[in-house]
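So you can see what is in the structure, the chains are spelled out below.
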Amino acid sequence: TLLNVVVAMSSNLETYIGAVVSLAIESNPGTLLGASKTIDGTILLKSHLLPKDKYAEHIEKCTRGAWDMRLSHFKGLFGGAPAKFEAEISTLEKIRKLRNKVSHAFGRDIESSRNFQIKETLPIETISFDRVIRYLNVVYDIARSIDSYLLEHHIGEFQTILAYHHLQPSLDMNKHRSERAMAFKKYYGAIDQNISKSFCKELVDYYESIK
């Protein structure tokens, strides 16, 4: 059970990083050219000029392989990385290796498990409850640090803009913008109850001003 918790936490972290890296690239597509904040991601969003297959390779490199290589690509793409992410690379690598043993060899050493000359059953990896808790705390702190870093430097309000982008086709464009802003407030309020009427109006005005 504890080993499966490690698999779950590792998989969840990779899924999260893939999602937030994708969002950061869509918001700040200039990162793909080494020219951060030179292109408004909303323009490419509305014109459908940045399909995901154009940057899928970057998501792959941030979520697959040894963690030092993932960090290196993250820093190259976004011009840096949060200190917590860098400081815990060795711990992340331990989690990755343990996760692979559990996923691919039922908790045993992978290479030894593939040696069919060995007749005896290999011992299964074990982990203490305390170490699992420590790993959970590390993963949680890293996810929060990446979230804060990308939100501040690359994403901004793009997630909110993306939400309106998906809602807008279902709205009546013959009505006044203020009505669409109220519809968005009701829609997005399920996610953020503190979103204000004035913010929604400004967001709708901004999004619909881009042709």
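Trainee: Would you mind showing me how to read the pattern of salt bridges here?
Mentor: For side chains of opposite charge, pairing can occur when their charged atoms come near one another. Scanning the model with the defined rule gives 12 salt bridges in all. Residue K101 pairs with E125 through a salt bridge whose shortest N-O separation is 3.4 Å. Of this pair, K101 sits in helix α6 (residues 89-105) while E125 sits in the loop between α7 (110-113) and α8 (129-155); the two residues are 24 residues apart in sequence, bridging distant segments of the chain. Using a relative accessible area of 27% as the deciding quantity, one classes E125 as partly exposed. In this structure, D205 engages R177 in a salt bridge whose closest nitrogen and oxygen atoms are separated by 3.4 Å.

Trainee: Is there a simple way to think about the side chain of N28 in this case?
Mentor: Counting through the fold element by element, N28 comes out in the loop between α1 (2-27) and α2 (41-47). Note on N28: relative accessible area 2%, which makes it buried. Those residues in contact with N28, other than ones at most four positions away along the chain, are S36, K37, T38, H153 and H154.

Trainee: For this particular structure, what's the right way to read the packing of helix α3 (residues 56-63) against helix α4 (residues 67-78)?
Mentor: The geometry of α3 relative to α4 is characterised by a closest axis approach of 7 Å and an angle of 135° between their N-to-C directions. Compared by their axis directions, α3 and α4 come out oblique. Within the contact between the two elements, α3 uses H58, K61, C62 and T63 and α4 uses M69, R70, H73, F74 and L77. In terms of residue class, the contact of α3 with α4 is made up of 4 nonpolar, 3 polar and 2 charged.

Trainee: I tried to follow the packing of aromatic side chains on my own but got confused; where do I start?
Mentor: Within a pair of aromatic rings, the relevant descriptors are the distance that separates the centres and the angle that separates the planes. Applying the stated criterion across every chain yields a total of 8 aromatic pairs. Considering the side-chain rings of F184 and Y187, the 6.3 Å spacing of their centres and the 40° angle between planes classify their relative orientation as tilted. One end of the pair is F184 and the other is Y187, both in helix α10 (residues 177-188) and 3 residues apart, which spans about a single turn. Stacked on the ring of Y207, the Lys or Arg K46 has its end atom at 4.4 Å from the ring centre. Positioned above the aromatic ring of W67 is the side chain of R70, whose terminal nitrogen or guanidinium carbon lies 4.0 Å from the ring centre.

Trainee: Would you explain the environment of L167 in this entry?
Mentor: You can see L167 is positioned in helix α9 (residues 158-167). Take L167: its relative accessible area is 11%, and that puts it in the buried class. Sequence separation between L167 and I127 is 40 residues, and the spatial gap between their C-alpha atoms is 46 Å. With residues up to four places along the chain from it excluded, the contact list for L167 reads A183, F184 and Y187.

Trainee: What is the right way to read unusual backbone geometry from this model?
Mentor: When glycine is set aside, most residues are seen to have a negative phi, and most peptide bonds are trans. The residue K37 is not glycine, and still its phi comes out positive at about 65°. Summarising the element assignment, K37 is placed in the loop between α1 and α2. Relative accessible area serves as the criterion here: at 62%, K37 is assigned to the exposed category. A positive phi angle is found at H48, which is not glycine, with a value near 55°.

Trainee: Looking at this model, I keep getting lost on the nonpolar core. Mind explaining?
Mentor: Side chains of a nonpolar character, in soluble globular proteins, are inclined to be buried together. Membership of the largest hydrophobic core comes to 55 residues, with the highest contact counts inside it found for V21, F74, F78, F85, I146, L150 and F184. Among the elements that make up this core, the one with the highest residue count is α1 (11 residues). Aside from chain neighbours lying at most four places away, what touches L150 is V20, V21, A24, F74, F78 and I155.

Trainee: I would appreciate a short explanation of α8 in the present structure.
Mentor: Since there are 3.6 residues in each turn of an α-helix, residues three or four apart along the chain are aligned in direction. Compared with the 39 Å implied by 1.5 Å per residue over 27 residues, the 36 Å span of α8 between its first and last C-alpha is a close match. Of the residues making up α8, those classed as buried are V132, Y135, V138, V139, I142, A143, S145, I146, Y149, L150, H154 and I155. G156, located one to two residues past α8, shows a positive phi value of around 60°.

Trainee: Help me understand the environment of C200, please; the structure alone is not making it clear to me.
Mentor: Counting through the fold element by element, C200 comes out in helix α11 (residues 197-209). Owing to a relative accessible area of 0%, C200 belongs among the buried residues under this scheme. Not counting the four nearest positions on each side in its chain, C200 is found in contact with A181, F184, K185 and I195.

Rules of the game
Residues numbered from 1 in each chain as written. Predicted model: local features only at pLDDT ≥ 70, side-chain atom pairs only at ≥ 80, totals over all residues. Heavy atoms only, no water. Salt bridge = Lys/Arg side-chain N within 4 Å of Asp/Glu carboxyl O. Helix = DSSP H or I, 4+ residues; strand = E, 2+ residues; numbered from the N terminus. Buried < 20%, exposed > 50% of the residue type's maximum accessible area, 1.4 Å probe, protein only. Contact = heavy atoms within 4.5 Å. Axes fitted to C-alpha atoms, helices over the stretch in contact; angles between N-to-C directions. Parallel < 35°, antiparallel > 145°, perpendicular 65-115°, else oblique. Nonpolar A, V, L, I, M, F, W, Y, C, P; charged D, E, K, R; others polar. Phe/Tyr/Trp six-rings, centres within 6.5 Å; stacked < 30°, edge-to-face > 60°. Lys NZ or Arg CZ within 6 Å of the ring centre and 35° of its normal. Core = buried A, V, L, I, M, F, W, Y, C linked by side-chain atoms within 4.5 Å. Expected span 1.5 Å × (residues − 1).

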